[in-house]
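Results of the structural survey
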Amino acid sequence: MAPRGSSHWSTRARLGGRLFCNGASRSIDPLFFGDAMLGLMMDYPLTLTTFLERARRFHGKKEIVSRTATGIHRYTYKDYVQRVDRLAGALKMLGVNQGDRVATFAWNSFRHFEIYFAVPCMGAVTHTVNARLYHDQLAYIFNHAGDRVVFVDASLLPVFEKIRPQLKTIQHVIVMADDGKPVDPKVGLDYEALLADAPAHFDYPVLDERTASGMCYTSGTTGHPKAVVYSHRAIVLHTLAAATTGLLGIEEGDTILSIVPMFHANAWGLPYTAMMVGAKMVWPGPFLQPADLAPLIEQERVTCIGGVPTIIGALYQYLKQAPGKHSMSSLRRVIVGGSACPPNLMMGFKNDFGVWITHAWGMTETTPLGSVCVLKSTFAGLPPEDQFRIRLTQGLPSPLVEARIMSEAGQELPWDGVAFGELQVRGPWVISAYFDDPRNAECFQDGWFRTGDVATIDGEGFIQLVDRTKDVVKSGGEWISSVELENAIMLHPDVQEAAVIGVYHPKWQERPLACVVPKEGATLTSAMILEFLKGKVATWWLPNDVVFIEGVPKTSVGKFDKKVLRERFKAHPWPEA
Ligand code: AMP
C-alpha cells in the first residue's frame, strides 16, 4: 500500500472502477480499492472451457455410455472432447456467432452432452427445450429465444415438424439419428456428417465469465413460460458446490446416470459436475421405464442417480416386484427433487438397498441446487424418527445461497420451523432477472428472488416446503397450469365456472381434478368436458377426472379458494385408466 497517511493518497476516491487522487486522474492504486485492500489473485474467468480442457487433459480414459435406439453406445472422454471440438467448428462454419442461441430438442444422450459443452465454449448459448411442452408453448419458446439453430433427436422429429411452420428465427435444423441412415436434406442437416466435415481443431475464445452459457424456460404456470439465462460463472460455481461432500459429494470414481432430462434445469447440473470431476457418465436416451433403467444401473455399475419422485418411485416399485432380479449394490447416492420425496420411497430405498435418498430442492431459476438435505453430525444423537423427519425436509440452503421466508406483508419470518411464508433466495447461481419479460418486477424483492414456494425454516436452517403460492399441478415432476385448464374448461358454453386442483395420484404424484359448476339447467358429463378439452391442451394435461359442484368456494377477495376444494377432494378415487 502507499503509506496510508501519505498526502499523495489521502484524498483518493473511487470513480467508475478507477482510483482518482486529489480530484484528478493519476494512476490506479495497485493494492487498494477505496479503503479495502485488494486481494492479489488472478482475475481468472470462471468458464466451462476450463472443465472441457480438464477432461481433455486428465480424464481421457473415462467412459461415456448412452442407451440409443440401436443399442448401447460407448466411447471415452478423449473421443468426446474431439467431437466437441469438431462440433464447435461446425457451428462456426454454419455462421453461429457469440451470443447466438442454439436450441436442443432432445433426450439425454452423448450427442446432447456434446452440445452442452461445444455451444457455450464457442461463446454461444445452449437453449434446452422441454420436448414435453404443448405445441403453442414450444413455438413461443423458440421464437422468444430467437434460436438460430436447433438440434433435434430423430425420434422427436414428428413433434418438431408440427411446430416448425410457426418458428420464425431457425436457420438450421440438425438431426441426430442413431440408425446411421442419411438424413433427408429437406428435413435438415445430419449431425454426424456435419462433424465429419468439420475441422479437427478448434480455438476456443477467451470468454468473460458473465457470458451467457445456457438458457431454459420455466414451465409457465400463468401466461407464457419465462426464460432463465445462465452464465458461465454461475454454472462453474454451482458445479464446484454440487461436487462438495456437504452437497451431492460427486467424485471421479462415480458413475452417474442422469434420469432427469437435460432440458429440465440443466439436468440438475449433473453433466457439468461429471465433466469437472471426470466421472463416468451414463445417458438413458428416451428409455425411462424402470425395465430399461434397472439393467442399465446394474450393468454399468451406476453409483449415482438423479430423478423426480415419480420416476424413482416407479423404479423402486419395479425392483420390489422382482427381488434380486437386478443388483443395485453399486448405488451409493440417489438424488430426488422436483417434488417432495414421499416418506415410503425414502424409507424403502434405505431398507431395501441401504441408500438414504438425498432430498434436494431447486428451481430452473436456481440452476437448480437451492438446498440439499444432508444431516449434520450433531444430529447423530437424535432419535431415528427425528432424523428421518429431517431427511424429508428440503435441507440447508446450498453454500453461497442465502434463504429467507417472508410474510405476505413483506416481513421476514422467524426460523422456528413453524412460521411459514414465501421462500426467497439469493446467490451467485440464482436468477437476477428473466430474459426479456415484463413480469420481472413482481418476481424479485430487494434483490431477492421470490420462489413462489411457501416454506418454514427451522432453527438449524433446514427448509421445509409446505405449499406453493401458485396452485400448479405437479405431474411426474412436470407442471400443469391449473389456471390454463380452468380457462379452457370455462370456454364450454354450458360451464358456469371451474377450478382445477392437484390431487394425489399413486403413479404421477398429483393429477388434475376439474371441479366444474354447470350453468343452470345444463346437463354435463365428465366425458363431455374431457372431449371439449382435447386439442386445446396437451394430452398429458387432461384432467384425470371431473366432478360437478354447486359453486367454487371463494376467498374474502373473491378469488377461488382451492384449499377448501383440496381438502374436500383429497381422497378422490381416480377412475381406472
Ligand atoms: P422447476 O423449475 O420446474 O424445477 O420447478 C421448481 C419447483 O418444483 C419449485 O419451486 C418447487 O415448487 C418444486 N420443487 C422442487 N424441488 C422440490 C422438493 N424437493 N420438494 C418439493 N417441491 C419441490
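What you see is a predicted model; the values in this text were computed from it and never measured.

In this section: the overall build of the protein chain. Along its length, the protein chain carries 16 helices and 31 strands. Taken against the 2.2 N^0.38 rule, which gives 25 Å for 577 residues, the C-alpha radius of gyration of the protein chain at 26 Å falls within 12% of a compact globule. Each principal axis of the C-alpha distribution contributes one length, and for the protein chain these read about 90 × 60 × 55 Å. In the protein chain, which comprises 577 residues, the proportion classed as buried is 55%. A fraction of 66% describes how many contacts in the protein chain between residues 6 or more apart in sequence connect residues 24 or more apart. Of the roughly 25,300 Å² of accessible surface on the protein chain, a fraction of 55% belongs to carbon and sulfur atoms.

Moving on, we get to the nonpolar core. Core analysis: the biggest nonpolar cluster contains 91 residues, and Tyr80, Phe113, Phe117 and Phe151 have the highest contact counts within it. If we skip the residues at most four places from it in the chain, Tyr80 touches Leu52, Ile64, Tyr75, Phe113, Glu114, Phe117 and Met275.

The next thing to look at is the pattern of salt bridges. Under the criterion given, the structure shown has 28 salt bridges. Between Arg111 and Glu192 there is a salt bridge; the shortest N-O distance is 2.8 Å. Here Arg111, found in helix H3 (residues 110-121), pairs with Glu192, found in helix H6 (residues 191-197); they are 81 residues apart in sequence, far enough to count as distant. Residue classification places Arg111 among the buried residues on the basis of a relative accessible area of 8%. Salt-bridge contacts for Asp437 lead to Arg439; the nearest nitrogen and oxygen are separated by 2.7 Å.

To continue, consider the site of the ligand. Taken together, 17 residues lie around the ligand, and His359, Ala360, Thr364, Gln394 and Asp453 are the ones closest in. Here an oxygen atom of the ligand and a side-chain polar atom of Thr364 are 2.7 Å apart. For the ligand, the protein covers 95% of the area, taking 490 Å² as the surface of the free molecule. Breaking the shell around the ligand down by element, the ones donating at least two residues are strand S19 (357-362) and strand S26 (463-468). Per-element accounting of the shell around the ligand gives the leading share, four residues, to S19.

Remark: helix H7 (residues 232-243) packs on helix H8 (residues 270-277), axes separated minimally by 9 Å, with the N-to-C direction vectors making an angle of 75°. Judged on the interaxial angle alone, H8 and H7 are roughly perpendicular. In this structure, H7 contributes Ile235, Thr239, Leu240, Ala242 and Ala243 to the contact, and H8 contributes Tyr272, Thr273, Met276 and Val277. Of the residues that constitute the contact of H7 with H8, the class distribution is seven nonpolar, two polar and no charged.

The subject of this paragraph is the sheet that holds strand S8 (residues 101-105). With respect to topology, seven strands assemble into an open sheet ordered S12-S11-S10-S8-S9-S13-S14, the strand pairing being mixed. The strands lining the two open edges of the sheet, one partner per strand, are strand S12 (189-190) and strand S14 (227-231). Of the pairings in the sheet, the one linking strand S11 (residues 172-176) to S12 comprises two bridges and is parallel in character. When the bridges of S12 are listed, Val175 appears paired with Asp190. Most of the contacts of helix H4 (residues 135-145) go to strand S13 (residues 212-217), to which it runs at about 155°, and overall it touches S8, strand S9 (125-128), strand S10 (149-153), S13 and S14.

What follows is about the pairing of strand S16 (residues 280-283). In S16, alternate side chains face the same way, and those of Lys280 and Val282 on one face and Met281 and Trp283 on the other are all buried. Where strand S6 (residues 63-68) lies against S16, three bridges are found, and the strand directions are parallel. Among the inter-strand pairings, Val65 is bridged to a residue of S16, identified as Val282. Both strand S15 (residues 255-258) and S16 contribute to a ladder of three bridges, which runs parallel. The residue of S16 that forms the bridge with Thr255 is Lys280.

With mixed pairing, the nine strands of this open sheet are ordered in space as S7-S6-S16-S15-S17-S18-S19-S20-S21. Each edge of the open sheet is held by one strand with a lone partner, namely strand S7 (71-76) and strand S21 (396-397). The sheet contact formed by S6 and S7 spans six bridges and is antiparallel. Note that in S7 the partner of Thr68 across the bridge is Gly71. Sheet contacts for helix H10 (residues 309-321): strand S17 (304-307) and strand S18 (333-336); angle to S17, the most-contacted strand, approximately 125°.

Cut-off values and rules
- Residues numbered from 1 in each chain as written.
- Predicted model: local features only at pLDDT ≥ 70, side-chain atom pairs only at ≥ 80, totals over all residues.
- Heavy atoms only, no water.
- Helix = DSSP H or I, 4+ residues; strand = E, 2+ residues; numbered from the N terminus.
- Rg over C-alpha atoms; globule rule 2.2 N^0.38 Å.
- Buried < 20%, exposed > 50% of the residue type's maximum accessible area, 1.4 Å probe, protein only.
- Contact = heavy atoms within 4.5 Å.
- Areas by Shrake-Rupley, 256 points an atom, 1.4 Å probe, with all protein chains shown as cover.
- Core = buried A, V, L, I, M, F, W, Y, C linked by side-chain atoms within 4.5 Å.
- Salt bridge = Lys/Arg side-chain N within 4 Å of Asp/Glu carboxyl O.
- Near = heavy atom within 4 Å.
- Polar contact = N/O pair within 3.5 Å; in protein donor to acceptor, adjacent residues only side chain to side chain.
- Axes fitted to C-alpha atoms, helices over the stretch in contact; angles between N-to-C directions.
- Parallel < 35°, antiparallel > 145°, perpendicular 65-115°, else oblique.
- Nonpolar A, V, L, I, M, F, W, Y, C, P; charged D, E, K, R; others polar.
- Pairing = 2+ DSSP bridges.

Note that all results are geometric; they support no functional claim without further evidence.
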